[in-house]
Amino acid sequence: MVWTRVTPNASRRPPATAIAQVRALRIASPTMSDSPLGPHQATPVELRERLAAERRGIPFLVLRDGTGAQRIVELPPARDRFLLGRGAECDVALGWDAEVSRLHAELARVGSQWLIVDDGLSSNGTFVAGERVTGRRRLRDGDVLRLGSTAVAFRQPATASIGTTRLSDQREVAASVTPAQRRVLVALCRPFKDQASAATPATNPQIADELHLSVAAVKSHLRVLFHAFDIDTLPQQEKRRKLVALAFATGLVSERDL
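Residues numbered from 1 in each chain as written. Predicted model: local features only at pLDDT ≥ 70, side-chain atom pairs only at ≥ 80, totals over all residues. Heavy atoms only, no water.

**Q** Honestly, the environment of Phe192 in this entry has me stumped. Any pointers?
**A** Structurally, Phe192 is set in the loop between helix H4 (179-189) and helix H5 (204-211). According to the relative accessible area criterion, Phe192 is buried, its value standing at 0%. Residues Phe192 and Glu255, spaced 63 residues apart in sequence, show a C-alpha to C-alpha distance of 8.4 Å. (Helix = DSSP H or I, 4+ residues; strand = E, 2+ residues; numbered from the N terminus. Buried < 20%, exposed > 50% of the residue type's maximum accessible area, 1.4 Å probe, protein only.)

**Q** Can you help me understand helix H6 (residues 215-228) in this one?
**A** Given a rise of 1.5 Å per residue, 14 residues ought to cover 20 Å, and the 20 Å separating the end C-alpha atoms of H6 matches this to within 8%. Burial in H6 covers these residues: Val218, Leu222, Leu225 and Phe226. Considered in projection along H6, the buried side chains sweep an arc of 100 degrees and stay on one side of the axis. Away from its buried face by more than 90 degrees, H6 exposes Ala216, Arg223 and His227. Buried residues in H6 make contact with H4, H5 and helix H7 (236-249). Following H6 by one or two positions, Asp230 adopts a phi angle in the positive range, close to 60 degrees. (Expected span 1.5 Å × (residues − 1). Arc of directions from axis to C-beta. Contact = heavy atoms within 4.5 Å.)

**Q** Would you take a moment to explain the sheet that holds strand E11 (residues 150-155) for this structure?
**A** Backbone-to-backbone hydrogen bonds join strands into a sheet, with any given pair of strands oriented parallel or antiparallel. In space, the 6 strands of this open sheet follow the order E2-E1-E11-E10-E7-E8, with antiparallel pairing throughout. The sheet terminates laterally at strand E2 (70-74) and strand E8 (131-132), the two strands that pair on one side only. Of the strand pairs in this sheet, strand E7 (residues 126-128) and E8 are connected by 2 bridges, and their pairing is antiparallel. When the sheet's bridge partners are listed, Val128 is paired in E8 with Glu131. (Pairing = 2+ DSSP bridges.)

**Q** Mind showing me how you'd approach the side chain of Asn204 here?
**A** Within the secondary structure layout, Asn204 lies in helix H5. Overall, Asn204 belongs to the buried group, its relative accessible area being 13%. At a separation of 3.0 Å, a polar atom in the side chain of Asn204 contacts the side chain of Arg240. (Polar contact = N/O pair within 3.5 Å; in protein donor to acceptor, adjacent residues only side chain to side chain.)

**Q** Help me understand the pairing of strand E6 (residues 113-118), please; the structure alone is not making it clear to me.
**A** Consecutive side chains of a regular strand alternate in pointing toward one face of the sheet and then the other. Taken across its 6 residues, E6 has 5 buried, putting it largely inside the fold. Taken together, the 5 bridges between strand E5 (residues 105-110) and E6 define a ladder with antiparallel strand orientation. Bridge assignment links Val110 to a residue of E6, and that residue is Gln113. The hairpin formed by E5 and E6 contains 2 residues between the paired strands, and Gly111 there has a positive phi angle of roughly 65 degrees.

**Q** Just to check I follow, could you spell out the pattern of salt bridges for this structure?
**A** Any two side chains of opposite charge can pair, given that their charged atoms come close. All told, the structure shown has 10 salt bridges when counted by the stated rule. Of the charged contacts, one joins Glu210 and Arg190 as a salt bridge, the two residues approaching to 2.6 Å between their closest N and O atoms. One end of the pair, Glu210, is in helix H5; the other, Arg190, is in the loop between H4 and H5, and 20 residues separate them in sequence. Accessibility expressed as a relative area gives 34% for Glu210, which makes it partly exposed. Three or more residues are tied together by salt bridges with common partners; here these are Glu54, Asp141 and Arg155. (Salt bridge = Lys/Arg side-chain N within 4 Å of Asp/Glu carboxyl O.)

**Q** Looking at this structure, I do not really get the nonpolar core. What am I missing?
**A** One recurring pattern in soluble globular proteins: nonpolar side chains tend to sit buried together. If you look at the biggest cluster of nonpolar residues, it comprises 28 residues, and the most contacted ones within it are Leu185, Leu222, Leu243 and Val253. Counting only elements with at least two residues in this core, the list comes to H4, H5, H6 and H7. Setting aside its immediate chain neighbours within four residues, Leu222 contacts Val184, Leu188, Asn204, Arg240 and Leu243. Among the nonpolar cores identified, the runner-up in size contains 20 residues, and Leu75, Leu84, Val128 and Val133 belong to it. (Core = buried A, V, L, I, M, F, W, Y, C linked by side-chain atoms within 4.5 Å.)

Structure follows, in structure tokens:
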């Protein structure tokens, strides 16, 4: 058999502008990586870290590094500028992402507001909500920035006092939890003994077996807890993880209970 090498026909290649447009869409696409704020991909330990950051009331960034581990970067009021890029000298160094420029973008504080600045620093662009940043763009709480293939979420809790009030409300709810409901909570959290970050909440049959209850009784207790903590509208697996995080954050369940 004779192998024939076929030389690509240059006329069939897409124009450079089309390639650039496709590349830009790929960078901006929300399917490239989920938002770091998505509770479905966060462990209860990570959710507790976020709750603690929110309570401090300082703006912060949430991202996942090259290993998939959550990183939280606080933006204290004593500083007005943070550099983002692949270079080790950057304040937020994204060294694992080859599509990020060495100096990619800058976060700048103006008064009480934070801006993302990319006036040509990056090769592949910086995106917020799928739109490329040209110059400066003011950030709002919950905005997700995309630099290369890395998603960076911006959080700006209103004030530390609001966060503390919210936690106080949740602790009041925790105080009203019945002993039977608390036993269900402890069983739900048990897979996270020794802060096992890769664990998932116990299933209803597992809880039922441990507590010698029917699955229907477990579901009934959990429904009450979901409603009490105002998380019953979340998707099923998300609200189970959120309930675990709240159980730890409010002190309703501790490590020694497991």
